[in-house]
Amino acid sequence: MNKRTIALFAVVCILAAAVAGLYVMKTKKPGTPGGGTTTKPEAVSSVAHQTKDPGKKTGAKHDKTGDKKSSAVKKSAVKKIVEPEEELDEVDRITKPLDDAMEGDDNAAILAQAKLLMKHPNPEVRKQVVFALDWVGLEALDLITAMLGDADPDVSSEVLSAWSSTISEISDQTAKRNLIAQAIISQQEVLSDEAFEELTDTAGFELDEPDDLWAYITVLQYTDEGNVKRMEILRDAINGILDEEVNTKQELLKSGQETYDRLLKEKQEEEADDNDNA
């Protein structure tokens, strides 16, 4: 092959290579170095988003569940706010005649409404009844006493407070001791041990000797000796007054009565002396 032929062949090869390079450049897409299969921009964006927020697909369900939970929490919060208001409105509606009677300072009407509502199933209503009866005072003592065994602890606590404050209004010791003993005995079956103890303590706070001892031994007569807690309460109260310490019900009754008779005699003699010296 002569030099001219060789030169011509070289030029042809160079041109062929240039054409091939131009073709390759035309078939490439911007932003995809190295050519080959391309990825749509939307797909890239989606993949990138998932990489930034792993589990987004499964997260869609999670988000919906989260929305439901969030909605439930909001509803629950609203419920907690609304329900007491609704309940309060209901209590207000039920106790309106009682409130009207109080505003009118009409004790007869208050007592009549209290009798109707004192066993209402809603404890909030019963609390309003206790408040009204406490406001009336001594005239309402029978109804307050009848509520001493209320099953709701909050209502029971308010009844005990109202009962104690009403009892304290009585100045006559004999009348007071009779009412205290009668209240404990009449309500004994429905009283909790705590309420029984509080009523017994009231006798100690409100009564002077020997009236407190009289109340203790009177209640003891109606107390089952098998009731360990209540026997302990009464035993401690009675032994706190006796000159000796006794344990059984019969011993407590016997020693209690003897001590009561002695103390009563001493009290009467002192009163007689005071009258003579007056």
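Refer to the structure above for everything that follows.
Residues numbered from 1 in each chain as written. Predicted model: local features only at pLDDT ≥ 70, side-chain atom pairs only at ≥ 80, totals over all residues. Heavy atoms only, no water.

K.L.:
I'd like a description of the nonpolar core, backed by residues and values.
P.N.:
Core analysis: the largest hydrophobic core is formed by 57 residues, its most contacted members being Val 129, Leu 133, Leu 148, Trp 163 and Ile 238. Ignoring anything within four residues of it in the chain, the contact list for Ile 238 reads Leu 213, Tyr 216, Ile 217, Leu 220 and Leu 252. (Core = buried A, V, L, I, M, F, W, Y, C linked by side-chain atoms within 4.5 Å. Buried < 20%, exposed > 50% of the residue type's maximum accessible area, 1.4 Å probe, protein only. Contact = heavy atoms within 4.5 Å.)

K.L.:
Break down the pattern of salt bridges for me, citing the residues and quoting the values.
P.N.:
A complete count under the given rule lists eleven salt bridges for this structure. Residues Asp 150 and Arg 126 are paired through a salt bridge, measuring 2.7 Å at the closest nitrogen-oxygen approach. Here the residue Asp 150 occupies a position in the loop between helix 6 (141-146) and helix 7 (153-167), and Arg 126 occupies one in helix 5 (residues 123-136), the gap between them amounting to 24 residues. Judged by relative accessible area, Asp 150 falls into the buried class, the value being 13%. The buried category is assigned to Arg 126, whose relative accessible area is 10%. In this structure, the salt-bridge partner of Asp 243 is Arg 262, at a minimum N-O distance of 3.1 Å. One end of the pair, Asp 243, is in the loop between helix 11 (228-239) and helix 12 (249-277); the other, Arg 262, is in helix 12, with 19 residues separating them in the sequence. Linked through salt bridges whose partners overlap, the residues forming this network are Arg 177, Asp 211 and Lys 267. (Salt bridge = Lys/Arg side-chain N within 4 Å of Asp/Glu carboxyl O. Helix = DSSP H or I, 4+ residues; strand = E, 2+ residues; numbered from the N terminus.)

K.L.:
I'd like to hear about helix 10 (residues 211-221), residue by residue, with values.
P.N.:
Burial analysis of helix 10 places nine of its eleven residues in the buried class, which makes it a mostly covered element. Looking only at helix 10, the buried set comprises Asp 211, Asp 212, Leu 213, Ala 215, Tyr 216, Ile 217, Thr 218, Val 219 and Leu 220. For helix 10, the elements touching its buried residues are helix 8 (173-187), helix 9 (193-206), helix 11 and helix 12.

K.L.:
Give a detailed account of the packing of aromatic side chains, specifying residues and quantitative values.
P.N.:
According to the stated counting rule, one finds zero aromatic pairs in the structure shown. Taking NZ or CZ as reference, Arg 177 lies 4.1 Å from the ring centre of Trp 214, over its face. (Phe/Tyr/Trp six-rings, centres within 6.5 Å; stacked < 30°, edge-to-face > 60°. Lys NZ or Arg CZ within 6 Å of the ring centre and 35° of its normal.)

K.L.:
Give a description of a negative patch on the surface that names residues and reports values.
P.N.:
On the surface, Glu 194, Glu 197, Glu 198, Asp 201, Glu 232, Asp 236 and Glu 245 cluster together to form a negatively charged patch. Contributions of two or more residues to the negative patch are made by helix 9 and helix 11. The dominant element in the negative patch, judged by the number of residues it contributes, is helix 9, at four residues. Following the sequence through the fold, Glu 194 ends up in helix 9. (Patch = residues over 30% accessible without salt bridge, like charges linked within 9 Å, V, L, I, M, F, W, Y side chains within 5 Å. Areas by Shrake-Rupley, 256 points an atom, 1.4 Å probe, with all protein chains shown as cover. Lys, Arg positive; Asp, Glu negative; His and termini not counted. Charge placed at Lys NZ, Arg CZ, Asp CG, Glu CD.)

K.L.:
Break down the side chain of Thr 95 for me, with residues and values.
P.N.:
One can find Thr 95 in helix 3 (residues 56-103). Judged by relative accessible area, which is 1%, Thr 95 ranks as buried. Beyond its immediate stretch of four places on either side in the chain, Thr 95 contacts Leu 117, Val 125 and Gln 128.

K.L.:
Would you mind going over unusual backbone geometry in detail, with residue names and values included?
P.N.:
The peptide bond linking Glu 209 to Pro 210 adopts the cis configuration, its omega dihedral lying at 5°. Here Pro 210 shows up in the loop between helix 9 and helix 10. Positive phi values are uncommon outside glycine, yet Asp 105 reaches one of about 55°. Residue position: Asp 105 is located in the loop between helix 3 and helix 4 (107-117).

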